[in-house]
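What follows is the residue order along each chain.
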Amino acid sequence: MKKEYIIPIFVPHLGCPNNCIFCNQKRISGQTKMVNADDVKNTIEYYLKHFKDDNKYVEVAFFGGSFTAIEVSKQVELLEAVQEYIKNKKVNSIRISTRPDCIDKEILKRMKKYHVKTIELGVQSTNNYILSRCKRGHTGEDVKKASKLIRMHGFILGHQMMIGLPESTKQDEINTAKELIKQKPKLVRIYPVLVIKDTELADEYEKGEYIPLTISQAVERCKEIVDLFNRHKINVIRIGLQNTEEITDPNTESSSVVSGPYHPAFRQLVEASMWYDAIVNKIKKVNAKVKKVKIIANDVNVNNIIGHKKENILKLKEIYDVDIVIEKNNDIKPGKFKMEILESYE
């Protein structure tokens, strides 16, 4: 099996026709200068030197701004810069992210010509009121049209959604996830809203007009959404923003995060909480007062079963007075587990 590598290239806020109230791409990406062909080539060369595996799959990913809304000459310049590496088989494909209202047949024809394989749409919500409230500049119908076109033209479709947007409820976010599932994406990213400096949302927060989710609220909302995507075999490739010098603990001087559910291991919090629920549910089905159990699971799941800073083990002991022993067994499929009762109370 080939080791997959991503070469990230940020095009901060290039092409975006408007400024969403939660967005400051320069701070989120940690990059402010205009990207050119030389930047692309230098970045590719830098990453290729550090990839060790011979049997690998390499993808160049243009993140940040809405790629297909950039002026066409700039799109071509950046895509052209990757072509020699694709021709020499040093890079296998290209991934872009863009807006749902910046997709049409002509654009997709251009993307296909330059070996773009995956297109991620920044959806955020499918609720038209919430989209308008956040000044997104597109509608839920735009999401459907763009998603259909992308799949029809043979690209891998990805979606990005947010939780905790202004006036968005838990049910709104579940409805968004259900709507996205209908569009049949192969992959999804879920971002809890962080209040970032120099945004309209930061102004609303300072005035008390917006209250961000707590970490525990964000974890609870994400759990249900991740479970929905998992049940439909849609790969959730990221939960929470990538940690950078700017996207970090709000108490850090260099942080651009004013408030919100920031955590350096947010994905682990979500997945560990899902494992905790699954174990508790299984314990509750036992017709005895359980004192000690053995959880047998694949090695890849052990850290999440234990939980961040052993949170799951400590909670099970504190709330249910149950001790946990964990045994690794790679014959068990990832995501599955077996449970053995080691001790019960009389």
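Residues numbered from 1 in each chain as written. Predicted model: local features only at pLDDT ≥ 70, side-chain atom pairs only at ≥ 80, totals over all residues. Heavy atoms only, no water.

### A few points about the overall build of the protein
Okay, so step 1: Counting its regular elements, the protein contains twelve helices and twelve strands.
Okay, so step 2: Relative to its length of 346 residues, the protein is compact, with a C-alpha radius of gyration of 22 Å against a globular reference of 20 Å.
Okay, so step 3: Judged by the C-alpha coordinates and their principal axes, the protein covers about 75 × 55 × 40 Å.
Okay, so step 4: Going through the 346 residues of the protein one by one, you find that 49% of them count as buried.
Okay, so step 5: A separation threshold of at least 6 residues defines the contact pool for the protein, and within that pool the share at least 24 residues apart is 79%.
Okay, so step 6: Put simply, the protein shows about 17800 Å² of open surface, and 47% of that area lies on carbon and sulfur atoms. (Helix = DSSP H or I, 4+ residues; strand = E, 2+ residues; numbered from the N terminus. Rg over C-alpha atoms; globule rule 2.2 N^0.38 Å. Buried < 20%, exposed > 50% of the residue type's maximum accessible area, 1.4 Å probe, protein only. Contact = heavy atoms within 4.5 Å. Areas by Shrake-Rupley, 256 points an atom, 1.4 Å probe, with all protein chains shown as cover.)

### Describing the packing of helix H10 (residues 266–284) against helix H12 (residues 311–320)
When two helices pack together, their arrangement is given by the angle between the helix axes and the distance between those axes.
Okay, so step 1: The interhelical angle for the contact between H10 and H12, taken along N-to-C directions, is 35 degrees, at an axis separation of 10 Å. As for the relative orientation of H10 and H12, their crossing is right-handed in sense. The segment H10 lies against H12, with Leu269, Ala272, Trp275, Tyr276, Ile279, Val280, Ile283 and Lys284 engaging Glu311, Asn312, Lys315, Leu316, Ile319 and Tyr320.
Okay, so step 2: Taken together, the residues that form the contact of H10 with H12 break down as ten nonpolar, one polar and three charged. (Axes fitted to C-alpha atoms, helices over the stretch in contact; angles between N-to-C directions. Left-handed = near helix turned anticlockwise from the far one by under 90°. Nonpolar A, V, L, I, M, F, W, Y, C, P; charged D, E, K, R; others polar.)

### Some thoughts on the sheet that holds strand S12 (residues 337–344)
Okay, so step 1: Pairing in this open sheet of three strands is mixed, and the strands run S11-S10-S12 from one edge to the other. Taken across any chain shown, the strands that pair with only one partner, and hence form the sheet edges, are strand S11 (323–328) and S12. The average undirected angle you get between the axes of adjacent strands in this sheet is 20 degrees.
Okay, so step 2: One ladder, built from seven bridges, connects strand S10 (residues 290–297) with S12; its direction is antiparallel. Residue pairing across strands places Lys294 opposite Glu340, the latter belonging to S12.
Okay, so step 3: Packing of H10 onto the sheet brings it into contact with S10 and S12, and relative to S12 it is tilted by some 50 degrees. (Pairing = 2+ DSSP bridges.)

### A word on the nonpolar core
Okay, so step 1: One finds Val40, Ile44, Phe62, Val82, Ile190 and Phe229 to be the most contacted residues of the largest nonpolar core, which totals 62 residues.
Okay, so step 2: In terms of residues, this core owes the most to one element, helix H9 (residues 215–231), which gives seven residues.
Okay, so step 3: Tyr276, Val290, Leu316 and Phe337 belong to the second-largest nonpolar core, a separate cluster that totals 15 residues. (Core = buried A, V, L, I, M, F, W, Y, C linked by side-chain atoms within 4.5 Å.)

### A few points about the pattern of salt bridges
Okay, so step 1: In total, this model carries 22 salt bridges according to the counting rule given.
Okay, so step 2: Among the salt bridges present, the one from Asp227 reaches Arg231, with a minimum N-O distance of 3.0 Å. Of this pair, Asp227 and Arg231 both sit in helix H9, four residues apart, which is roughly one turn of the helix.
Okay, so step 3: Residue classification places Asp227 among the partly exposed residues on the basis of a relative accessible area of 31%.
Okay, so step 4: Accessibility expressed as a relative area gives 56% for Arg231, which makes it exposed.
Okay, so step 5: In this structure, Lys291 and Glu343 form a salt bridge, with 3.9 Å as the shortest nitrogen-oxygen distance. (Salt bridge = Lys/Arg side-chain N within 4 Å of Asp/Glu carboxyl O.)

### Structural notes on the pairing of strand S2 (residues 56–64)
Okay, so step 1: With respect to burial, S2 is a largely interior element, seven of its nine residues being buried.
Okay, so step 2: Pairing geometry for strand S1 (residues 3–11) and S2, over nine bridges, is parallel. Counted as the bridge partner of Tyr5 is Val58 from S2.
Okay, so step 3: As defined by bridge partners, S2 adjoins strand S3 (residues 93–98) across four bridges and the pair is classed as parallel. Within the sheet, the bridge partner assigned to Ala61 lies in S3 and is Arg95.
Okay, so step 4: Tracing the backbone out of S2, into helix H3 (residues 72–87) and back to the parallel element S3 gives a crossover that is right-handed. (Right-handed = clockwise from strand over helix to strand, strands pointing away.)

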